[in-house]
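If you want the building blocks of each chain, they are given just below.
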Amino acid sequence: MTVLLVARAVTHHGGHDAIHRLAAQVSATTGVPTQACFLDGAEPSLHTALDETADHAEVLLVPAHLPPDRYLDTWIRRAVAHWRATRDRHPTISVSQPLATQPSLVTAVAEATTGGHTLLDGNPGPFRSPAWSQITRHRRQVLICRGPRCTAYGANQVATALNERLAKNGLGDDDVLVTATGCLFPCNLGPLVVVHPDDTWYENVDPNLAIRIVDEHLRDGSPVDGHRPRNADSSGVRSD
Ligand code: FES
C-alpha cells in the first residue's frame, strides 16, 4: 500500500515542507510508503501523485487539512491583541504550537492508515461541465474584504446583510457577483465593500450601509451618498 497525504495550498501560506516532512515521518514510523500531494495550489498535484502510483496495488488517500499557516499564526496574535485592547474584561489567553507541528500527528496518520477504509470506485458526480466554461455576465462585481482587520470590525455581519438584501431584491449572480477577498490594504477604513466596474469604495460599512448599497447602488444604480469612483475629479470623471 502507498499512502498519499492530500493537502490544500491555496488557502494556506507556507507549510508545504511541513506536510512533506510529515509524510516522510509517517513512512519512517509505519514502513508504509507515504508521500504528500496537493488538491490545489502546489505540486505534486493529486493527479500527478496518482499518476506516479498508478501501477501500485493499493493507494490510500489521507485528507490532511493541516499545513501550518504563518499568516494564521501571525494574525491570531494580532487579532487577540486587538480584541484585548477593545474589551474591558478578558481571560488569560495563550496559544499552543500549531496543530500541524504536533508530533502526535504522525501517530494519527498511522492510525488512519490501519483503520477502516472506504473504497473509491464510484463516480460521485461530473468532473467537467459545459457550464464551467462560461464566464459569468454579471453587471457588477462586489468585493467584500474578509481580511483579519475588516473581519474584526464586522465584515462577517456586513457580508450577511449584503447577501440577504441581494436575495430579497432578487439580484443573483448574473446581476451582482459577490466575491469575498483577503486584505485590500486600507484596513483602517474597514469593513470595506468595493463595487466594480464603478470603482466605488465604501468605508466603515455596517449592516445598514450594506443594505443601502444593495438598494440604492446595486438595484437602482445610484451610489450611496453620492460616492464617486476613487480617481474621479470634481466633475465625477475619472482622472486616469
Ligand atoms: S483587512 Fe480589509 S482592507 Fe485590510
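As named in an unreviewed UniProt entry, the chain is (2Fe-2S) ferredoxin domain-containing protein, taken from Paractinoplanes ferrugineus.

Before going further, it helps to examine the overall build of the chain. What the chain contains, in helices and strands, is seven helices and seven strands. Ordered by position in the sequence, the α and β elements of the chain form the string β-α-β-α-β-α-α-β-α-α-β-β-β-α. Scaling as 2.2 N^0.38, a compact globule of 240 residues should have a C-alpha radius of gyration of about 18 Å, whereas the chain reaches 23 Å, well beyond that. Along the first, second and third principal axes, the C-alpha set of the chain runs to 70 × 55 × 35 Å. Per-residue burial for the chain yields a buried fraction of 33% across its 240 residues. Counting only contacts in the chain whose residues sit at least 6 apart along the sequence, the fraction spanning at least 24 positions is 66%. A total of about 15000 Å² of accessible surface is found on the chain, and carbon and sulfur atoms cover 53% of it.

When the parts of a complex come together, some accessible area is lost, and that lost area is often used as the size of the interface. Here the chain is partitioned into domain 1 (2-114) and domain 2 (132-226). Measuring from the centre of the C-alpha atoms in domain 1 to the corresponding centre in domain 2 gives 33 Å. The interface is formed by four residues belonging to domain 1 together with four residues belonging to domain 2. Summed over both sides, the interface between domain 1 and domain 2 buries roughly 360 Å², with carbon and sulfur atoms accounting for 69% of that surface. Per-residue buried area on domain 1 facing domain 2 is highest for Tyr 71, Trp 75 and His 82; these three make up 89% of the total on that side. The interface formed by domain 1 and domain 2 contains zero salt bridges. Remark: the boundary between domain 1 and domain 2 carries zero residue pairs in polar contact (both at pLDDT 80 or more). Residues that form the side of domain 1 that touches domain 2 fall into these classes: two nonpolar, one polar and one charged.

Quick look at the pattern of salt bridges now. Where side chains of opposite charge bring their charged atoms close, a pairing between them can arise. Applying the stated criterion across every chain, the model contains seven salt bridges. Measuring nitrogen to oxygen at the nearest pair gives 3.0 Å for the salt bridge that ties Asp 198 to Arg 140. Residue Asp 198 is found in the loop between strand S6 (193-196) and strand S7 (200-202), and its partner Arg 140 is found in strand S4 (residues 140-145); the two are separated by 58 residues along the sequence. Under the relative-accessibility criterion, Arg 140 is labelled buried at 14%. A salt bridge links Arg 212 to Asp 225; its shortest N-O distance comes to 3.1 Å. Of this pair, Arg 212 sits in helix H7 (residues 207-219) while Asp 225 sits in the segment after H7, and the two are 13 residues apart along the sequence. Taking the relative accessible area as the measure of exposure, Asp 225 reaches 60% and is therefore exposed. In this structure, a network of salt bridges that share partners links the residues Arg 165, Asp 215, Arg 219 and Asp 220.

Thresholds applied
Residues numbered from 1 in each chain as written. Predicted model: local features only at pLDDT ≥ 70, side-chain atom pairs only at ≥ 80, totals over all residues. Heavy atoms only, no water. Helix = DSSP H or I, 4+ residues; strand = E, 2+ residues; numbered from the N terminus. Rg over C-alpha atoms; globule rule 2.2 N^0.38 Å. Buried < 20%, exposed > 50% of the residue type's maximum accessible area, 1.4 Å probe, protein only. Contact = heavy atoms within 4.5 Å. Areas by Shrake-Rupley, 256 points an atom, 1.4 Å probe, with all protein chains shown as cover. Domains from an automatic or database assignment. Buried area = accessible area lost by both parts, 1.4 Å probe. Salt bridge = Lys/Arg side-chain N within 4 Å of Asp/Glu carboxyl O. Polar contact = N/O pair within 3.5 Å; in protein donor to acceptor, adjacent residues only side chain to side chain. Nonpolar A, V, L, I, M, F, W, Y, C, P; charged D, E, K, R; others polar.

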